[in-house]
Every structure is written in C-alpha cells, then in structure tokens.
Amino acid sequence: MKLAKFATSALAVASVIFSAGIASAQTPQTAETLGLKGSYIGAGVSAGVTNGGRQNDAALLGGNIQGRAAIPNAPVSVRGAVLFGGDATAAMPLLTYDAPIAKNTNVYVGGGYSFVTDEGKATQLGNKNTPVVTLGAESEIAKNTVLYGDAKWGIDAYKDSDAGALSLQTGVGFRF
C-alpha cells in the first residue's frame, strides 16, 4: 500500500517536472540557453530524516559526494552519490531525466540502487541495500560552480522493517 501511494506521488511530481520543461521550451528562450550543460562533482551535507523504528535505525547527519556525467544531446544523466558519516556508507549509481527550467538550471528525477558497505549499520538512507528514487535541482551559481540539492527515498530501506528511508542532500560542485 505504501508503495502504491509513493508511486502515485512520484508520478504526480514527475508530470509537474516534465510539464515545466515543456512550458519553458515554449518561451522565447531557445533550448540551447536553457538547462545546465556539462558534468560536475561536488560535496556537501546529507541528512537522514527517517527512523526505521529499531536500534541502529536513527536519523543521521553526515556528508555527501555527488557527481553528474551528462550524456551529450540527451535529456538524461548518469549520477553517483556517496552518503557517509554514519556507521556505514551508502553508495548509489543513478540514472536521471533532466528537465531544463531556466538558464543553467535543471530539475531531475530518476532512480538507482543504494549499496550499503556494512548492512545492518546506519546510513542516512537506511541500513540495507535498496532501490532508490531521487528528485532534485541543480544550478550554476558562478562560473563552473554548481549548487545542487535533492531528496533520495530508499524503498524498504531497513532490515526487519518495511519502512522507507528519506535523506536530503545539498552541496556545491565543480562543473567541467
């Protein structure tokens, strides 16, 4: 039941994001001036905001390293994220759809998988390997400097529990 509610919510959010990209494409700006181009790597803070309900499931504050590898002439990117600062580390390969919404600015939605270095130990995104859905935004705020922020939801992310985990990330990256 929780998965059905989340899927419905994710579809609603995705439709807003996709329609924002379509609407912005209809403005006088050309597609070449919209969106963030290129790849980047960055670092920042990460906060787990959920609790699995058992010992070693507490919400955590830590750090993140995230990167984006843009695929030329395609609205998708390959991303990677590492959340650290708990008893274990969560590493995630992700694939996202990137919707340009303004000059040097994208919103993105996608998914991947979280691999926990030591299952059963706490990370910002639960304590076991799990599928992940992400929703975020990124913008170049100065030459080659990107500000990013996103939310990651780990589906069934705690051992011996069907609870999902939510983490929020923000950081600054170097665009290349």
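Our structure is the block above this text.
All values reported here derive from a predicted model rather than from experimental measurement.

Right, let's get into the overall build of the protein. Scanning the protein for helices and strands turns up 1 helix and 8 strands. Each helix and strand of the protein, placed in order from N terminus to C terminus, yields the pattern α-β-β-β-β-β-β-β-β. Split into buried and exposed, the 176 residues of the protein put 38% on the buried side. Accessible surface, the protein as shown: approximately 8700 Å² in total, 66% of it carbon and sulfur.

On to the packing of aromatic side chains. In this structure the tally under the stated criterion is 2 aromatic pairs. Their ring planes at 25° and their centres at 5.9 Å tell us that Tyr 40 and Tyr 148 sit as a pair that is stacked. In this pair, Tyr 40 is assigned in strand E1 (residues 40–48) and Tyr 148 in strand E7 (residues 145–154), connecting sequence segments 108 residues apart. Comparing Tyr 40 with Tyr 148, the two get one shared label, buried. An angle of 55° between the planes, with centres 5.0 Å apart, marks the rings of Tyr 113 and Phe 115 as tilted.

Quick look at the pattern of salt bridges now. As enumerated under the stated definition, the model contains 7 salt bridges in all. We note a salt bridge from Glu 138 to Arg 68, for which the minimum N-O separation is 3.7 Å. With Glu 138 in strand E6 (residues 130–142) and Arg 68 in strand E2 (residues 61–70), this residue pair connects regions lying 70 residues apart in the sequence. Comparing Glu 138 with Arg 68 shows no difference in burial state: the two are buried. When the shortest N-O distance is used, the salt bridge between Asp 156 and Lys 128 registers 3.4 Å. Here Lys 128 lies in the loop between strand E5 (105–116) and E6 and Asp 156 lies in the loop between E7 and strand E8 (165–175), a separation of 28 residues in the sequence. The exposure class assigned to Asp 156 is partly exposed, which follows from its relative accessible area of 32%.

Our focus in this paragraph is the sheet that holds strand E4 (residues 90–102). Note on sheets: strands pair through backbone hydrogen bonds, and any given pair is parallel or antiparallel. Strand order in the closed barrel formed by 8 strands is E1-E2-E3-E4-E5-E6-E7-E8, and the pairing between neighbours is antiparallel. Between one strand axis and the next, the sheet turns through 25° on average, direction left out of account. Two elements, E7 and E8, share 10 bridges in a ladder whose sense is antiparallel. Counted as the bridge partner of Leu 147 is Val 172 from E8.

Before going further, it helps to spend a moment on the side chain of Thr 123. Within the secondary structure, Thr 123 sits in the loop between E5 and E6. A distance of 3.0 Å separates a polar atom in the side chain of Thr 123 from the backbone nitrogen of Leu 125. At 2.6 Å, the side chain of Thr 123 and the backbone oxygen of Gly 126 are in polar contact. Setting aside residues no more than four positions away along its own chain, Thr 123 makes contact with Leu 60, Ala 88, Thr 89, Ala 90 and Val 116.

Calculation criteria
- Residues numbered from 1 in each chain as written.
- Predicted model: local features only at pLDDT ≥ 70, side-chain atom pairs only at ≥ 80, totals over all residues.
- Heavy atoms only, no water.
- Helix = DSSP H or I, 4+ residues; strand = E, 2+ residues; numbered from the N terminus.
- Buried < 20%, exposed > 50% of the residue type's maximum accessible area, 1.4 Å probe, protein only.
- Areas by Shrake-Rupley, 256 points an atom, 1.4 Å probe, with all protein chains shown as cover.
- Phe/Tyr/Trp six-rings, centres within 6.5 Å; stacked < 30°, edge-to-face > 60°.
- Salt bridge = Lys/Arg side-chain N within 4 Å of Asp/Glu carboxyl O.
- Pairing = 2+ DSSP bridges.
- Axes fitted to C-alpha atoms, helices over the stretch in contact; angles between N-to-C directions.
- Polar contact = N/O pair within 3.5 Å; in protein donor to acceptor, adjacent residues only side chain to side chain.
- Contact = heavy atoms within 4.5 Å.

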